[in-house]
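Residue-level listing of the chains:
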Amino acid sequence: MIGRMRSVFSGRAAITAVVFVAVVSASPVSVERDIYGGWPQQVHLSYAGSASEMMVTWSTSNKTDSVVEYGEGGLAKTAKGSSVEFEDGGDEHRVQYIHRVRLTGLTPGHTYTYHCGSMEGGWSDLYVFTAMKDGTDWSPSFAAFGDMGNENAQSLSRLQGETQRGMYDFILHVGDFAYDMDSENARVGDAFMNQIQSIAAYVPYMTCVGNHENAYNFSNYVSRFSMPGGVQSLFYSFNVGPAHIIGFSTEVYFYIQYGLKQMTEQYKWLEQDLMEAAKPENRKQRPWIITMGHRPMYCSNNDHDDCTRHESVVRKGHIGYPGVEDLFYKYGVDLEIWAHEHTYERLWPVYDYKVYNGSLAAPYTNPKAPVHIITGSAGCRERHDGWIPNPPAWSALRNSDYGYTRFKLHNSTHLYLEQVSDDKDGQVIDSIWVIKDQHGPYSRT
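Presented here is a report on the structure given in the accompanying data block. Remember, predicted model here, so these are calculated numbers, not experimental data.

**Topic: the pattern of salt bridges**
Here's step 1: Summed over the entire model, instances satisfying the criterion amount to 19 salt bridges.
Here's step 2: Note that Glu 251 is salt-bridged to Arg 295, the shortest N-O span being 2.7 Å. On the criterion of sequence distance, the pair formed by Glu 251 in the loop between β16 (243-247) and α5 (261-277) and Arg 295 in the loop between β17 (288-292) and α7 (313-316) is long-range, its members being 44 residues apart. Comparing Glu 251 with Arg 295 shows no difference in burial state: the two are buried.
Here's step 3: Linking Asp 430 and Arg 346 is a salt bridge whose minimum nitrogen-to-oxygen distance equals 2.8 Å. Of this pair, Asp 430 sits in strand β28 (residues 427-435) while Arg 346 sits in strand β21 (residues 344-347), and the two are 84 residues apart along the sequence.

This is the structure:
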């Protein structure tokens, strides 16, 4: 019974430091003023791909030095980076400077205090983060969601509190930010980045691109975020604990006016990355393979989006270029996280519209196909999407509450996932255990 569900989610020790943090309201942040001078704004972290490293990114409206002062309990260390000029494509051609500093030599699992900025421009508030643990024998925790805007960001306040209490090691934002980052000559993007600062300045805020970032060839997205493998990387992967996690762009199939090459480059990269992750020696160390992309292959909404079509582009491909369903099935992807639909939907293990449950009694124990989760209900100005009247056989549960997904990799065989309803004051409205005694390519026999 939903009313009796009890979360088994437990996070890290709460973030502790002598800092004063303002919790930003989830209501729209004012977009009237530009970012001020050299004062650091929009501070956010991303995982740099190593437990001993962290990337700090922020913005200023003036060109200043790029400096982070940090340490365990103090600010004894200094790291320097660089900035790039970002000119928005709107009528005003507003310019800001995006600063990036890579912190190296961190002690895995240790907590650091930091601020960023410069002597001439000013410093940010003090923030804290915990460097990732090293190795594979630990249990990282995640929050995952997509489609959160500057307006009606209903889930944001709860996510802020949980993040600052140390519940998460990573945030996964699965596309569609701000609605839209380029709006009002990118002032909405600035406001949104300041809005999420109370989350993203504390834990790595890992992202993938969505359709609402398409303006000016996705320039606001690629300029503002710093994922592993390159500043402007729309597809990347990283290892953490017992998992290999892949972020990729579903938008390469839809915005072909920006070039067809991006489809072939991403597909080749995905195949090579999955091939490497699926090698027996690598799968033994990190058995879980998890993907995140914005537009889902399947959904049972009634809005005529790509996922409502039987031959969806993301699933089957476009103008002769292959989709990703066969690829993910071939290499035994365990969990696929999607957004775009402003609802929550959990699917049975599915491939090519056929359900491959582990068993009738335990469908997610040793499933014979990937598990799909659609989590696009964090809250935005477009509100909710509707449903078709009768759910298909592959749809296990549908819910229209605002909320977000939490999951934890307990070990090499057990993954716990739950859906949180913000409408119901944080109640867990859905939960599953995915249990896999073996990971690897699926077989339909």
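More follows now that the structure is in view.
**Considering the sheet that holds strand β12 (residues 170-174)**
By way of backbone hydrogen bonds, the strands of a sheet pair with one another, either parallel or antiparallel.
Here's step 1: Judged by pairing direction, the sheet is mixed, and its six strands sit side by side in the order β14-β12-β10-β26-β27-β28 without closing on themselves. Each having just a single partner strand, β14 (205-208) and β28 make up the two edges of the open sheet. Strand after strand, the sheet turns through a mean of 20 degrees between neighbouring axes, direction not considered.
Here's step 2: Looking at chain direction, strand β10 (residues 141-145) and strand β26 (residues 403-409) are connected through four bridges and run antiparallel. Its bridge partner being in β26, Phe 142 is matched across the sheet by Phe 407.
Here's step 3: On top of the sheet, helix α1 (residues 156-164) reaches β10, β12, β26 and β27 (414-421); it is set at about 25 degrees to β26, its chief contact.

**A word on the packing of aromatic side chains**
Here's step 1: Under the defined criterion, the tally for this structure stands at 28 aromatic pairs.
Here's step 2: Ring centres 4.8 Å apart and planes at 75 degrees place the aromatic pair Tyr 298 and Tyr 353 in the edge-to-face group. Highlighted residues: Tyr 298 in the loop between β17 and α7 and Tyr 353 in the loop between β22 (350-351) and β23 (354-355), separated in sequence by 55 residues.
Here's step 3: What makes Tyr 298 buried here is its relative accessible area of 1%.

Calculation rules
Residues numbered from 1 in each chain as written. Predicted model: local features only at pLDDT ≥ 70, side-chain atom pairs only at ≥ 80, totals over all residues. Heavy atoms only, no water. Salt bridge = Lys/Arg side-chain N within 4 Å of Asp/Glu carboxyl O. Helix = DSSP H or I, 4+ residues; strand = E, 2+ residues; numbered from the N terminus. Buried < 20%, exposed > 50% of the residue type's maximum accessible area, 1.4 Å probe, protein only. Pairing = 2+ DSSP bridges. Axes fitted to C-alpha atoms, helices over the stretch in contact; angles between N-to-C directions. Contact = heavy atoms within 4.5 Å. Phe/Tyr/Trp six-rings, centres within 6.5 Å; stacked < 30°, edge-to-face > 60°.

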